[in-house]
Amino acid sequence: MKWVYVEDIASFKDQEVEIRGWLYNKRSSGKIRFLLVRDGTGLIQGTLFDPEANKSLFDKFDELTQESSLLVRGTVREDKRAPGGYELSISDIEILQIAEEYPITPKEHGISFLMEHRHLWLRSQKQNAVLQIRVEVIRAIRDFFDGRRFRLMDTPILTPSACEGTTTLFETEYFDQKAYLSQSGQLYNEATAMAFGKVYCFGPTFRAEKSKTRKHLIEFWMVEPEVAFATLEDIIDLSQDLILFILERVLERNKNDLDVLERDTLPLETIQKPFPRVTYEDLLPKLQEKGSKIEWGMDLSAPEESILPEIFDSPVCITHFPAAIKAFYMQPDEKRPDTVLGVDVMASEGYGELIGGGQRIHDPKLLEQRIKEHNLPREDYKWYLDLRRYGSVPHSGFGLGVERVLSWICKIQHIRETIPFPRLLYKIYP
RNA sequence: UCCUCGGUAGCUCAAUCGGCAGAGCGGGUGGCUGUUAACCACUAGGUUGUAGGUUCGAGUCCUACCCGAGGAGCCA
């Protein structure tokens, strides 16, 4: 008998198939039995009738516990009463293992209990839906850049220096010296961009910040494109195209998952290019009007992020931040040298920063001066300064946080559910 | 790191003024021919986070500690 996956079940209507999976739930009503089987790609209901004729099947059904592993064989039938529209008239059940009493019942649980059982929680429907969307978001990102002929150039995870020196890094041994886990591939991206024109890196990044918020992970995935000869304008355009590409893909391919999450997709469907655009300076009075205490020179923080959806009902590009609150390598604006050619793309619905990026300093003297101003060890940046000595060109790039995008698209409360095994402040189990 | 709230059955929670520790789910047993987190009946299940203290008596009050959550700060 043919082994098939639940996600393909519609193409096997009226045929005998075998499903291999786990018991999600079961119900019985006198002489009729229902069982819900999950196989990782979906849920399907199986039915059993006539206990006299099918005694051994009924006995097996009665024995089954939640999450027992089993093979179910039967005929696929279309039935509106079944969840998903198709069900299996069971002809045979083969039990692989009767599961011990499963800790995650179909009723509600507290978050610390669920996090403690993350390895099992992944089997639940909503967690499955979020992570199915994650699969598609990552695929969309790769398709987007590969389709535009960006070269995937992976950057190292073990790095020799504190790169930006500002944030806390995870330190580790590297034979007889120290190494740090990467918090961004950007500086290396700038090198590969000078070698390959347009590049991107896509991998995990690590930040040892003691942040305890619903928007931060200690370990998260970031995609970072870098384009030689590109200006701030080019990169703003690219970032909008990327976000729209991801949105269209998920809306097209993950309808069921978004349904499971009860996500109202209208606010996502109506997003169009170009996104509203505002400079930091022009945004300040709008924020202050809504009660923010922000002053020129301060970074946007939690209160400001929550005010944004009152002003914009779309993602928004904020540009020209004060140089003092941004990274050392950011290109100053010619007309306003106290501001930089940087952009933050903020999500709609209050989900905060999706993208941060901008134009990089290409003038060797200015870059050297900035490194000095930021008290960074010049030794560590020798190779980086080389990029400005041998054919320096204007160039730009950005970083997009995968989990931030997922929180927003799935409209979930906490970023910890957007990655299979979240690493959180002081929490590394399981 | 700071502020706030919490820790009682496997899970989610209740317990009035300090006075018999209880319900739903899950487990077990029985019933029900289209269930949708099914339903109905019965049943087993407890070192109330830890250590001290006050009291005739502490889940409840006090002290310290441990753990967790929400928020703030931190944060390309």
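What counts, and at which threshold
Residues numbered from 1 in each chain as written. Chains lettered and ligands numbered in written order. Predicted model: local features only at pLDDT ≥ 70, side-chain atom pairs only at ≥ 80, totals over all residues. Heavy atoms only, no water. Patch = residues over 30% accessible without salt bridge, like charges linked within 9 Å, V, L, I, M, F, W, Y side chains within 5 Å. Areas by Shrake-Rupley, 256 points an atom, 1.4 Å probe, with all protein chains shown as cover. Salt bridge = Lys/Arg side-chain N within 4 Å of Asp/Glu carboxyl O. Helix = DSSP H or I, 4+ residues; strand = E, 2+ residues; numbered from the N terminus. Domains from an automatic or database assignment. Contact = heavy atoms within 4.5 Å. Buried area = accessible area lost by both parts, 1.4 Å probe. Polar contact = N/O pair within 3.5 Å; in protein donor to acceptor, adjacent residues only side chain to side chain. 1 Å grid on protein atoms, 1.4 Å probe; cavity = no way out; pocket = protein on both sides within 12 Å on 5 of 7 lines; lining within 4 Å. Points joined across faces, edges and corners; volume = space filled by probe spheres on them. Nonpolar A, V, L, I, M, F, W, Y, C, P; charged D, E, K, R; others polar.

**With respect to a nonpolar patch on the surface**
Thinking step 1. Side chains of L158, Y174 and F175 sit close together on the surface and give an oily, nonpolar patch of about 360 Å² of accessible area.
Thinking step 2. Of note, L158 is situated in strand β8 (residues 158-159).

**Section: the domain arrangement of chain A**
Thinking step 1. Considered domain by domain, chain A is made up of domain 1 (2-97) and domain 2 (119-418).
Thinking step 2. Between the C-alpha centres of domain 1 and domain 2 there is a distance of 45 Å.
Thinking step 3. On the side of domain 2, five residues touch domain 1, which itself brings seven residues to the contact.
Thinking step 4. Summing both sides of the interface, domain 1 and domain 2 together bury roughly 410 Å²; the carbon and sulfur share of this comes to 39%.
Thinking step 5. The largest share of the area that domain 1 buries against domain 2 comes from Y24, R38 and G40, three residues that together contribute 61% of it.
Thinking step 6. The interface formed by domain 1 and domain 2 contains one salt bridge.
Thinking step 7. Between R123 and E67 there is a salt bridge whose closest N-O contact spans 2.9 Å.
Thinking step 8. For the pair domain 1 and domain 2, the number of links is three residue pairs in polar contact (both at pLDDT 80 or more).

**So, the layout of surface pockets**
Thinking step 1. Empty space within the largest pocket amounts to approximately 1,400 Å³.
Thinking step 2. Among the secondary structure elements, those contributing two or more residues to the lining of the largest pocket are β12 (219-228), α10 (302-311), β15 (342-346), β16 (353-360), β17 (395-401) and α13 (402-410).
Thinking step 3. With six residues, the single largest contributor to the lining of the largest pocket is β16.
Thinking step 4. Taken together, the residues of the lining of the largest pocket break down into 19 nonpolar, 15 polar and 13 charged.
Thinking step 5. By volume, the second largest pocket is sized at about 900 Å³.
Thinking step 6. Lining the second largest pocket are 30 residues, and of these T41, G42, L43, N256 and D257 lie nearest its centre.
Thinking step 7. For the lining of the second largest pocket, the element with the highest residue contribution is helix α4 (residues 125-147), accounting for seven residues.

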